[in-house]
Amino acid sequence: MFIPLVAIFAVVPVAIGQFNGILGQLGRKPGSCPPFPDVGICEMSCYGDYNCARSLKCCRTACGGTFCISPVTAPISSNLEEKPGVCPRPSGPWVCSSRCKQDSDCRGKKKCCRNRCGANACIAPEEDNSENEVPLII
């Protein structure tokens, strides 16, 4: 009698993990997550859209947690062109989670640039002076 119970306890966690994986694939709701919202939630409060009420989606936060939020049904900005200016030399705090994917994810004139840690962040650009440079002819 003892051996069958041990076998059941060994199989149940695997079955639950597989079931959650299936639910995650089948329970995907329409829409997209916003680009890494900075909401101060760093723990996992959901594991898939199936954990969220109504039309909410389970999305990652800037510090690596998850939470339920209304989906973004259209891009935040339809202007996918690169903003003027160049990304400055990486500096500032060591923030290692990306907060943007492209310039249009950033407000105002800020650009999506690599920071000291290699993650993407919205940063004020430097002026692009490459047009005013005179080539050095040797």
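Residues numbered from 1 in each chain as written. Predicted model: local features only at pLDDT ≥ 70, side-chain atom pairs only at ≥ 80, totals over all residues. Heavy atoms only, no water.

**Some remarks on the state of the cysteines**
- On inspection of all chains with the given rule, the structure shows seven disulfides.
- One disulfide in the model links C87 with C113; its S-S distance is 2.0 Å. Taking the sign of the S-S torsion, about -80° here, the bridge from C87 to C113 comes out left-handed. On the criterion of sequence distance, the pair formed by C87 in the loop between β2 (66–69) and β3 (111–114) and C113 in strand β3 is long-range, its members being 26 residues apart. (Disulfide = S-S within 2.5 Å. Helix = DSSP H or I, 4+ residues; strand = E, 2+ residues; numbered from the N terminus.)

**Points about the pairing of strand β4 (residues 120–123)**
- Pairing between β3 and β4: four bridges, direction antiparallel. Following the sheet pairing, R114 is matched in β4 by N120.
- Where β3 folds back onto β4 in an antiparallel hairpin, the turn is made up of five residues, including G118, whose phi is positive at roughly 95°. (Pairing = 2+ DSSP bridges.)

**Things to note about the confidence of the model for the chain**
- Summing up the model confidence of the chain, the mean pLDDT is 75 and the portion of residues at 70 or higher is 69%.
- When the elements of the chain are averaged for pLDDT, helix α1 (residues 2–26) gives the smallest value, 46, and β2 the largest, 92.
- Across residues 6–25, confidence stays below pLDDT 50; counting only partners more than four residues off in sequence or on other chains, it has three contacts. (pLDDT = per-residue confidence, 0-100. Contact = heavy atoms within 4.5 Å.)

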